[in-house]
Amino acid sequence: MIEPRLRDTDSGDLQDVTALYADEVLHGTATFELDPPDEAEMAKRVAAVRALDLPWLTAEIDGRFAGYAYLSPFRLRPAYRYCVELSVYVTPEARGRGVGRALMQALIERGRAMGLRHLIGAIGDSANAGSIALHRACGFREAGVWRETGWKFDRWIDVVLMQLDLTPDGRPPQSDGLRL
């Protein structure tokens, strides 16, 4: 298996990022958005993540875009400044090739280096066995399910919450966390 190349997302990736996200909006349940955002909106989202010194990464296989992932605030309240949400999107042709795992592990390492406490995975659709298995394989545990919270594709969809404890010993924070 070819190891994906990971790097920080740049403006040259925005077209691919936007297209992949649009496909998920229109055909998948990883997001509950119903209308795909345009490239300008995606650029704003990348900038907002970066403004908090959080990573937004791009994966490539053989020089071709294969996916992206990022960390974002779990909630915009100061007490949550040590907890972030992890989001991973992989192109259909790159699925099953280690891209999602590589992106997730890179974000775990970055979150740990930042002194964060928890990473949260909010998985759209309790039937998304692949994403749930990937989170488990990377050390996440199920933290709960929001039952039938999203209405998309003429059906109710659950959100499975998974959590990774980066400092499971519960020691006090070693950093100031996010600047919220």
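Look a little higher up for the structure.
Not measured: the values here are computed from a predicted model.

Parameters at a glance
- Residues numbered from 1 in each chain as written.
- Predicted model: local features only at pLDDT ≥ 70, side-chain atom pairs only at ≥ 80, totals over all residues.
- Heavy atoms only, no water.
- Buried < 20%, exposed > 50% of the residue type's maximum accessible area, 1.4 Å probe, protein only.
- Helix = DSSP H or I, 4+ residues; strand = E, 2+ residues; numbered from the N terminus.
- Pairing = 2+ DSSP bridges.
- Phe/Tyr/Trp six-rings, centres within 6.5 Å; stacked < 30°, edge-to-face > 60°.
- Axes fitted to C-alpha atoms, helices over the stretch in contact; angles between N-to-C directions.
- Contact = heavy atoms within 4.5 Å.

Draft legend 1. Just the pairing of strand β2 (residues 56-61), in detail. For β2, the tally of buried residues reaches six of six residues, placing the bulk of the element in the interior. Where burial is concerned, the two faces of β2 agree: the one with W56, T58 and E60 and the one with L57, A59 and I61 are both buried. Sheet analysis places strand β1 (residues 5-8) next to β2, joined by four bridges and oriented antiparallel. Bridge pairing in β2 links L6 to A59. In textbook terms, the turn of a hairpin is the stretch between consecutive antiparallel strands, and for β2 and strand β3 (residues 64-73) this stretch comprises two residues, one of which, D62, has a positive phi near 55°.

Draft legend 2. Geometry of the packing of aromatic side chains. Throughout the structure, instances matching the rule amount to seven aromatic pairs. Arranged with centres 5.6 Å apart and planes meeting at 10°, the rings of W56 and Y68 form a pair that is stacked. Here Y68 lies in strand β3 and W56 lies in strand β2, a separation of twelve residues in the sequence. Judged by relative accessible area, which is 2%, W56 ranks as buried. Classification of Y68 as buried rests on a relative accessible area of 0%. Seen in terms of ring centroids, W56 and Y70 are 4.0 Å apart; in terms of plane orientation they differ by 10°. Their pairing is stacked.

Draft legend 3. Structural view of the sheet that holds strand β5 (residues 118-124). Pairing in this open sheet of seven strands is mixed, and the strands run β1-β2-β3-β4-β5-β7-β6 from one edge to the other. Strands with a single pairing partner mark the edges of an open sheet, and in this sheet they are β1 and β6 (141-152). Going across the sheet, the axis of each strand differs from the next one's by a mean of 25°, ignoring polarity. Alignment of β2 against β3, held across six bridges, turns out to be antiparallel. Each residue of the ladder has a partner; that of I61, found in β3, is R64. With respect to the sheet, helix α2 (residues 39-51) is in contact with β1, β2 and β3, its orientation differing from that of β2 by roughly 120°.

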